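Coordinate inspection notes
In case you want the letters, here they are:
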Amino acid sequence: MTRIWGVLAWFAGIVFFAPVAWMFLTSLHSESDAATNPPSLLAPLTLDGYEEFFDAGAWPPLINSFSASIGSTIIVLLLAIPAAYALSIKPVEKWTDVLFFFLSTKMMPVVAALLPIYLIAQFSGMLDNISFLTLLYCSMNLPIAVWLMRSFLSEVPKEILEAASIDGAGLLTILRRVVAPIAMPGIAATALICFIFSWNELLFARVLTGVVAGTAPVYLTGFVTSQGLFLAKVCAAAVVVSLPVLIAGFAAQDKLVQGLSLGAVK
């Protein structure tokens with residue numbers, strides 16, 4: 001029975017990985033070879049798609065995505081860890097209501113908030129501004145980050161915190177030197193999830209940015225034009241845009257698994 005489950009797991013992995021492998025292979029073909037039907041697996045390989053992608057001005061959108069994603073993730077962690085500490089280790093009155101209020105902010109459809117946020121950005125002169133997009137991503141990711149960190153911090157032994165408090169450690173010292181090292185897998189998992197959500201966000205970035213603050217997903221959609229779909233170039237762009245998330249996932253793989261397990265085991 002174990003062998004059957006192993007075969008099924010490998011089969012599921014191949015099914016999920018096959019489109020990614022196909023996209024990468026297509027990105028190494030010329031436009032004429034990529035457009036053939038059925039596609040040719042033995043077509044000559046070339047890096048023309050990647051050269052055209054970067055020659056078209058890909059660096060500013062990539063830098064904007066890095067700035068907004070990393071900046072918002074850092075701010076979210078700085079706010080979510082103390083909030084989760086207050087809701088788990090030092091629970092405030094009616095803490096369950098606070099958690100459900102955080103969750104309720106994720107229930108409104110994104111499109112319903114699009115016009116008010118656009119008007120706020122326009123009134124404050126923050127349209128096409130990467131700082132406004134960073135703050136927006138913070139507000140979007142903070143509720144889920146608080147929920148995740150609350151689950152992780154509830155597993156921290158309270159005896160250790162009491163011992164640190166008896167030794168004279170203040171709140172900031174406890175958070176920095178006691179809570180953070182113990183909950184590091186959970187922090188890494190939360191940071192990765194917030195980074196992925198920010199990096200992949202398209203709707204707000206499409207509406208609120210223009211030439212200056214456009215992000216990588218917005219730049220990627222620009223390759224689909226009325227002149228047609230340049231498949232090899234689109235696949236090359238998709239591979240480059242996907243790489244930061246894949247690299248971050250592999251780099252934090254161990255801590256991600258530990259963090260998700262830590263939050264699930266009671």
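Residues numbered from 1 in each chain as written. Predicted model: local features only at pLDDT ≥ 70, side-chain atom pairs only at ≥ 80, totals over all residues. Heavy atoms only, no water.

A word on the UniProt feature "transmembrane region" (unreviewed entry) in the protein chain
As annotated in UniProt, the feature "transmembrane region" (unreviewed entry) corresponds to residues 7-25, 66-87, 99-120, 132-153, 174-198, 204-223 and 230-252 in the numbering used here. Measuring from the first to the last C-alpha atom of residues 174-198 gives 29 Å, for a span that is 96% helix and 0% strand. (UniProt positions renumbered as here; feature names shortened; annotations may be inferred. Helix = DSSP H or I, 4+ residues; strand = E, 2+ residues; numbered from the N terminus.)

Notes on the environment of L231
Within the element layout of this structure, L231 appears in helix α13 (residues 231-251). The spatial distance from the C-alpha of L231 to the C-alpha of T190 is 34 Å, given a sequence separation of 41 residues.

Some details on the nonpolar core
Formed by 28 residues in total, the largest nonpolar core has its most connected members in Y85, I89, M149, L153, L161, I174 and V179. Secondary-structure elements contributing two or more residues to this core are α4 (59-88), α7 (130-153), α8 (158-166), α9 (171-182) and α10 (184-200). Ranked by residues supplied to this core, first place goes to α4 with seven residues. Those residues in contact with L161 that lie beyond four places of it in its chain are Y85, I89, V156, I174, V178 and V179. Core analysis: the second largest hydrophobic core is formed by 17 residues, L62, Y219, V240 and V241 among them. (Core = buried A, V, L, I, M, F, W, Y, C linked by side-chain atoms within 4.5 Å. Buried < 20%, exposed > 50% of the residue type's maximum accessible area, 1.4 Å probe, protein only. Contact = heavy atoms within 4.5 Å.)

Structural notes on the pattern of salt bridges
Between side chains of opposite charge, a pair can form when the charged atoms approach closely. In the structure shown here, the tally under the stated rule is one salt bridge. K233 serves as the salt-bridge partner of E52, at 3.5 Å between the closest nitrogen and oxygen. In this pair, E52 sits in helix α3 (residues 48-55) while K233 sits in helix α13, placing the two residues 181 residues apart along the sequence. (Salt bridge = Lys/Arg side-chain N within 4 Å of Asp/Glu carboxyl O.)

Some words on the side chain of S198
Looking at where S198 falls in the secondary structure, it is placed in helix α10. We classify S198 as buried; its relative accessible area is 4%.

Details of the packing of α4 against α7
Close contact between α4 and α7 brings their axes to 6 Å; oriented N to C, the two are set at 35°. In this structure, the crossing between α4 and α7 has a hand that is right-handed. The residue makeup of the contact of α4 with α7, split by class, is 18 nonpolar, seven polar and one charged. (Axes fitted to C-alpha atoms, helices over the stretch in contact; angles between N-to-C directions. Left-handed = near helix turned anticlockwise from the far one by under 90°. Nonpolar A, V, L, I, M, F, W, Y, C, P; charged D, E, K, R; others polar.)

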